[in-house]
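A structural walkthrough
Here are the chains, one letter per residue:
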Amino acid sequence: MSRQNKDTRTRRFRFVISDDESHKQLWIRSLSRGRLALVLTTLIILVVTAFFCLIAFTPIRNFVPGYPDASTRREALNRAILIDSLERAVARWDLYAENLVRVVEGRDAISTDSLARIVSTDSIGRAELDRMKESDSLLRAKVNAEEQFAVGGEGRNLTIEGMQFFTPLKGVVSRPYDRIMHPYLDLTAPEGSVVMAVLSGSVIDSYWSDESGYVTVIQHDNNIISIYKNNRQNLRKAGDKVSAGSPVALMGDHLHLEIWYKGEAVNPARYIKL
């Protein structure tokens, strides 16, 4: 009588490593089904872990399409911060330019209540408004002090077109004048180049700020003011008399040049040969 219900399932597995020529068994390992499953699971986990470590902690991750490395994330964050800073800077300079014109002309500066016409309160915070109001007060004090250092003479009756301007710096225009967005001129040259006065006059201010570096402000004849910003070092102090072409500062990364005529910012390139 034949044997019924014969169990044909494999219960144990044997792994053998042998010499191909002599057939000598070099390594033998016998495993049950449960232990074999455990070994295979462990190997899979180790392979996956090793692969993850290679991708996450070695430069190989840079070859994975779409994987953001640390420099990419840092650059994205820096760009976001820069955009936000530029938006706030544009809003501040719009208000600053408007108040500068008003103060130089002897009119009242824009009050805080009128800011809604220029920029929303979402763009400028209370701290920035207080800072602008402080800047306006300082500017008003500068204008009131101009008479102390004003340069007298018949030249004050000349128009700006009839005056001979001196080139402040031998460089390249990196950003031209724009009456609305950029009411001044940026010049580039080797850092440390000598910056010279465009006209004869008196230094009415010489200071340093976080935003503009070292700044020199000169009052000239005919109600003309020249401003030199982003200097590495100022060579003149307030009250000094300067002549056209005399050194007033050493340039930093670039020269920010402003020319003001009767309370309005004018294009320096119209009167200065660059």
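Here the structure is shown first, and the text comes after it.
Below: a short report on this structure. (Residues numbered from 1 in each chain as written. Predicted model: local features only at pLDDT ≥ 70, side-chain atom pairs only at ≥ 80, totals over all residues. Heavy atoms only, no water.)

**Regarding the overall build of the protein**
Each helix and strand in the protein was counted, giving four helices and 11 strands. Looking at the protein as a whole, 34% of its 274 residues qualify as buried. When the accessible surface of the protein is split by element, carbon and sulfur atoms take 55% of a total near 18100 Å². (Helix = DSSP H or I, 4+ residues; strand = E, 2+ residues; numbered from the N terminus. Buried < 20%, exposed > 50% of the residue type's maximum accessible area, 1.4 Å probe, protein only. Areas by Shrake-Rupley, 256 points an atom, 1.4 Å probe, with all protein chains shown as cover.)

**What about the pattern of salt bridges?**
For the structure shown, the criterion picks out two salt bridges. Salt-bridge contacts for Glu 258 lead to Lys 229; the nearest nitrogen and oxygen are separated by 3.4 Å. Of this pair, Glu 258 sits in strand E10 (residues 247-261) while Lys 229 sits in strand E8 (residues 224-234), placing them 29 residues apart in sequence. Here Glu 258 and Lys 229 have matching classes, each one buried. Where Lys 237 meets Asp 240, a salt bridge forms, and the shortest distance between an N and an O atom there is 3.4 Å. Here Asp 240 falls in the buried class, since its relative accessible area comes to 18%. (Salt bridge = Lys/Arg side-chain N within 4 Å of Asp/Glu carboxyl O.)

**Brief notes about the packing of aromatic side chains**
How two aromatic rings sit relative to each other is given by the distance of their centres and the angle of their planes. Counted according to the given criterion, the structure contains two aromatic pairs. Ring centres of Phe 165 and Tyr 271 lie 5.8 Å apart, and the angle between their planes is 35°; this geometry places the pair in the tilted category. Here Phe 165, found in the loop between helix H4 (146-149) and strand E3 (172-175), pairs with Tyr 271, found in the segment after strand E11 (264-266); they are 106 residues apart in sequence, far enough to count as distant. The class of Phe 165 is buried, set by a relative accessible area of 7%. The class of Tyr 271 is buried, set by a relative accessible area of 17%. Where Trp 208 meets Tyr 214, the ring centres are 6.5 Å apart and the plane angle is 65°; that geometry is what we call edge-to-face. (Phe/Tyr/Trp six-rings, centres within 6.5 Å; stacked < 30°, edge-to-face > 60°.)

**Topic: the pairing of strand E4 (residues 185-188)**
With three bridges joining them, E3 and E4 adopt antiparallel strand pairing. Bridge pairing links Val 172 to Thr 188 in E4. As paired strands, E4 and E10 are joined by three bridges and run antiparallel to one another. Residue Asp 186 lies in a different strand from E10, and its bridge partner there is His 256. (Pairing = 2+ DSSP bridges.)

**Observations concerning the nonpolar core**
Grouped together as the largest cluster of nonpolar side chains are 27 residues, with contacts concentrated most on Phe 165, Ile 224, Tyr 228 and Leu 255. Only E4, E8 and E10 provide two or more residues apiece to this core. In this view, Ile 224 contacts Ile 160, Met 163, Phe 165, Leu 199, Ile 218, Gln 219, Ile 259, Trp 260 and Tyr 261; residues no more than four positions away in its chain are not counted. By size, the runner-up hydrophobic cluster in this structure holds nine residues, among which are Val 101, Val 217, Ile 225 and Trp 260. (Core = buried A, V, L, I, M, F, W, Y, C linked by side-chain atoms within 4.5 Å. Contact = heavy atoms within 4.5 Å.)

**Remarks on unusual backbone geometry**
Among all residues save glycine, negative phi is the norm, and among peptide bonds the norm is trans. One non-glycine residue with positive phi stands out, namely Asn 223, at about 60°. Take Asn 223: it is sitting in the loop between strand E7 (213-220) and E8. Positive phi outside glycine occurs at Asn 230, with the angle close to 65°. Turning to its location among the elements, Asn 230 is positioned in strand E8.

**Notes on the environment of Tyr 228**
In this fold, Tyr 228 is placed in strand E8. On the accessibility criterion, Tyr 228 (0% relative accessible area) is buried. When the C-alpha atoms of Tyr 228 and Ala 249 are compared, they prove to be 8.2 Å apart, with 21 residues separating the residues in sequence. A polar contact of 3.1 Å, which involves the side chain of Tyr 228, links it to the backbone nitrogen of Val 198. (Polar contact = N/O pair within 3.5 Å; in protein donor to acceptor, adjacent residues only side chain to side chain.)

**Some thoughts on the side chain of Asn 230**
On the accessibility criterion, Asn 230 (16% relative accessible area) is buried. Leaving out residues up to four positions away in the same chain, Asn 230 has contacts with Glu 211, Ser 212, Gly 213, Tyr 214, Met 251, Gly 252, Asp 253, His 254 and His 256.

**Things to note about a nonpolar patch on the surface**
Taken together, Phe 15, Ile 17, Leu 26 and Trp 27 make up a surface patch of nonpolar side chains, about 410 Å² in accessible area. For the nonpolar patch, the elements supplying multiple residues, two or more each, are strand E1 (12-18) and strand E2 (25-32). (Patch = residues over 30% accessible without salt bridge, like charges linked within 9 Å, V, L, I, M, F, W, Y side chains within 5 Å.)

**Some details on the pairing of E7**
E7 sits mainly inside the fold: seven of its eight residues count as buried. When strand E6 (residues 201-209) meets E7, the two strands line up antiparallel, connected through eight bridges. In the strand pairing of E7, Ser 202 is matched with Gln 219. Of the pairings in the sheet, the one linking E7 to E8 comprises six bridges and is antiparallel in character. Paired with Ile 218 across the two strands is Ser 226, which belongs to E8.

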